[in-house]
Amino acid sequence: MGIREFPGGAPRGKSIAIGMRRSPDVSPRRLSDISPQLRQLKYLVVDEAIKEDLKWSRSVEDLSSGPVGLTSIEERILRITGYYGYQPWATSCKREERPRDSPGPAEAQAPAGAEAGGRASRRCGTCSRAQLKKVSWGVAVALCVCASWAGSTQLAKQTFRRFDAPFTLTWFATNWNFLFFPLYYAGHVCKSAEKQSVKQRYRECCRFFGDNGLTLKVFFTKAAPFGVLWTLTNYLYLHAIKKINTTDVSVLFCCNKAFVFLLSWIVLRDRFMGVRIVAAILAIAGIVMMTYADGFHSHSVIGIALVVGSASVSALYKVLFKLLLGSAKFGEAALFLSILGVFNILFITCIPVILYFTKVEYWSSFADIPWGNLCGFSVLLLTFNIVLNFGIAVTYPTLMSLGIVLSVPVNAVVDHYTSQIVFNGVRVIAIIIIGLGFLLLLLPEEWDVWLIKLLTRLKVRKKEEPAEGGADLGSGPQSKNRRARPSFAR
């Protein structure tokens, strides 16, 4: 009877080898030839590590079970292999093959387990540190967004007391967009390991517009429409500040996110989410209640219509950008915003001139222009756009969006001390409803799945805690008995 081998070439008889070595000189053909050695298996103490290694073997069930175990081994040797050229009494084979200085099984497993646990803890520690760093940056970015947005709104309100020209202020602030790409390139030179020249970086970022780069056709078809939408958004927002208080303007502009969802659902065929539909309904209800808060006066209705129009145009800008241009990298976004500034300088400059000569937006002399307010507003608006567009590099977008909501209570506090705003019940409820709708829109798409997983984990933990307590009470005497049990290993 020969050796049966697996396709890989390993003898099947090796499945019953417990540290057994092939004897080149002895090759018995009958079970009786090795029966004295098999009887020695009665006194064999199998090492715990070897038992773990041989749990999968069907040929070894229990070597410490006496004659029954021996009979089972004998029968299986005859039935499976019929080859007995192994010395089962050589139980120290594996130990001899190991280095002398190697630790025992328990000692070996402990460092391995400690090493694996150390790796897992280091990995978890790294993840937690990275997440903590992102959250810390997120708090800083949210505060910066809040401060710049609320500051620009309040400064615009003060500017209109001396300089009643919202479109001119819009034009002046938009010209500062030209600084986006130079600031980005300065950051690229400071941070990037592979530094490129301005021309190389410009050409690389121009690939965002297509294979031919930024051509005249691309400028008028893909950049000019967004320049018009950008100017219109800011002008409507600033004109609304003239009509109503900054608290109402800032809270109504938060409806922008609801409009983005509705347009994305219709135009981009984004995923339908019931919670976002609820948020959109809350936003619309808040707009109606805000209109009712002042008793439907003409100036308040016009102001609310202007800020809602600004939020709608802003939503259209974002959806069309995603539809026509897709997503942009940091350099591409900086170049695009700088191009909007160039477009504003070249093609929008004529409009403030026309408004000046037609005395729609007129000022007596250039000395009367509050240049400090204009420059301060432009710097704050530029800071707001920089942080909002590039803050995603260091934190989560959700935390950045929270800065816009936080600007509402800041404006409310300032208005309370600087204007005659009345916070009646309707206005407060409208602010809360719009804020709640905005927060619902910040939920991720799979928020329901995460919530179910979290609730499931909490239920499992509650069930495991009583079970673990009972197990701890019951395992005390058993562990003591196990420790007190003597070992018969020789």
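Calculation criteria
Residues numbered from 1 in each chain as written. Predicted model: local features only at pLDDT ≥ 70, side-chain atom pairs only at ≥ 80, totals over all residues. Heavy atoms only, no water. Core = buried A, V, L, I, M, F, W, Y, C linked by side-chain atoms within 4.5 Å. Buried < 20%, exposed > 50% of the residue type's maximum accessible area, 1.4 Å probe, protein only. Helix = DSSP H or I, 4+ residues; strand = E, 2+ residues; numbered from the N terminus. Contact = heavy atoms within 4.5 Å. Expected span 1.5 Å × (residues − 1). Arc of directions from axis to C-beta. Axes fitted to C-alpha atoms, helices over the stretch in contact; angles between N-to-C directions. Parallel < 35°, antiparallel > 145°, perpendicular 65-115°, else oblique. Left-handed = near helix turned anticlockwise from the far one by under 90°. Phe/Tyr/Trp six-rings, centres within 6.5 Å; stacked < 30°, edge-to-face > 60°. Lys NZ or Arg CZ within 6 Å of the ring centre and 35° of its normal. Salt bridge = Lys/Arg side-chain N within 4 Å of Asp/Glu carboxyl O. Patch = residues over 30% accessible without salt bridge, like charges linked within 9 Å, V, L, I, M, F, W, Y side chains within 5 Å. Areas by Shrake-Rupley, 256 points an atom, 1.4 Å probe, with all protein chains shown as cover. pLDDT = per-residue confidence, 0-100.

Undergrad: Any chance you could break down the nonpolar core for me, citing the residues and the numbers?
TA: Residues Tyr237, Leu238, Leu252, Val307, Tyr317, Phe336 and Phe377 are the most contacted members of the largest nonpolar core, which totals 90 residues. Sorting elements by how many residues they give to this core places helix 9 (residues 216-243) first, with 12 residues. With residues near it in sequence (within four places) discarded, Val307 still touches Tyr237, Ala240, Val249, Leu252 and Phe253.

Undergrad: Before we move on, could you go through helix 7 (residues 180-191) and cite the residues and values that matter?
TA: Helix length check: helix 7 (12 residues) gives 17 Å between terminal C-alpha atoms against 16 Å at 1.5 Å per residue, within 8%. What helix 7 keeps buried is the set Phe180, Phe181, Tyr184, Tyr185 and His188. The arc that holds the buried residues of helix 7, viewed along the axis, is 125°, so those residues lie on one side. Close packing links the buried residues of helix 7 with helix 8 (198-206), helix 14 (330-348) and helix 16 (371-390).

Undergrad: Give a description of the packing of helix 7 against helix 8 that names residues and reports values.
TA: For the pair helix 7 and helix 8, interaxial distance at closest approach is 11 Å and the crossing angle is 115°. As far as their axial angle goes, helix 8 and helix 7 are roughly perpendicular. Seen from above, helix 7 lies across helix 8 with right-handed handedness. Where helix 7 approaches helix 8, its residues Phe181, Tyr184, Tyr185 and His188 are matched on the opposing element by Val198, Arg201, Tyr202 and Cys205.

Undergrad: Which residues make up the packing of aromatic side chains, and what are the values?
TA: Using the criterion set out here, one finds 29 aromatic pairs in the structure. Members of the aromatic cluster, connected to one another through ring pairs, are Phe208, Phe209, Phe226, Trp230, Tyr317, Phe321 and Phe336. In this structure, Lys134 packs its charged tip against the face of Tyr396, placed 4.8 Å from the ring centre.

Undergrad: Kindly report on the pattern of salt bridges, identifying the contributing residues and their values.
TA: According to the stated counting rule, one finds three salt bridges in the structure shown. Note that Lys242 and Asp164 form a salt bridge whose closest N and O atoms lie 2.7 Å from each other. One end of the pair, Lys242, is in helix 9; the other, Asp164, is in the loop between helix 5 (105-159) and helix 6 (166-175), with 78 residues separating them in the sequence. Take Asp164: its relative accessible area is 41%, and that puts it in the partly exposed class.

Undergrad: Residues and numbers for a nonpolar patch on the surface, please.
TA: A cluster of nonpolar side chains, Phe178, Leu179, Leu183, Leu216, Phe220, Ile345, Leu346 and Phe347, forms an exposed patch at the surface whose accessible area comes to about 760 Å². Among the secondary structure elements, those contributing two or more residues to the nonpolar patch are helix 9 and helix 14. Looking at the nonpolar patch, the element that brings in the most residues is helix 14, giving three residues. Classification of Ile345 by relative accessible area gives partly exposed; the value is 39%.

Undergrad: Kindly report on the confidence of the model for the protein, identifying the contributing residues and their values.
TA: The share of residues in the protein with pLDDT of 70 or more is 68%, and the mean pLDDT across the chain is 76. Averaged pLDDT values over the elements of the protein bottom out at 41 in helix 4 (residues 93-97) and peak at 95 in helix 6. Low pLDDT, under 50, characterises residues 1-29; the predicted model gives this stretch 57 contacts beyond four residues in sequence or across chains. Overall, residues 477-490 carries pLDDT values under 50, and its contacts beyond four positions in sequence, including any with other chains, amount to two contacts.

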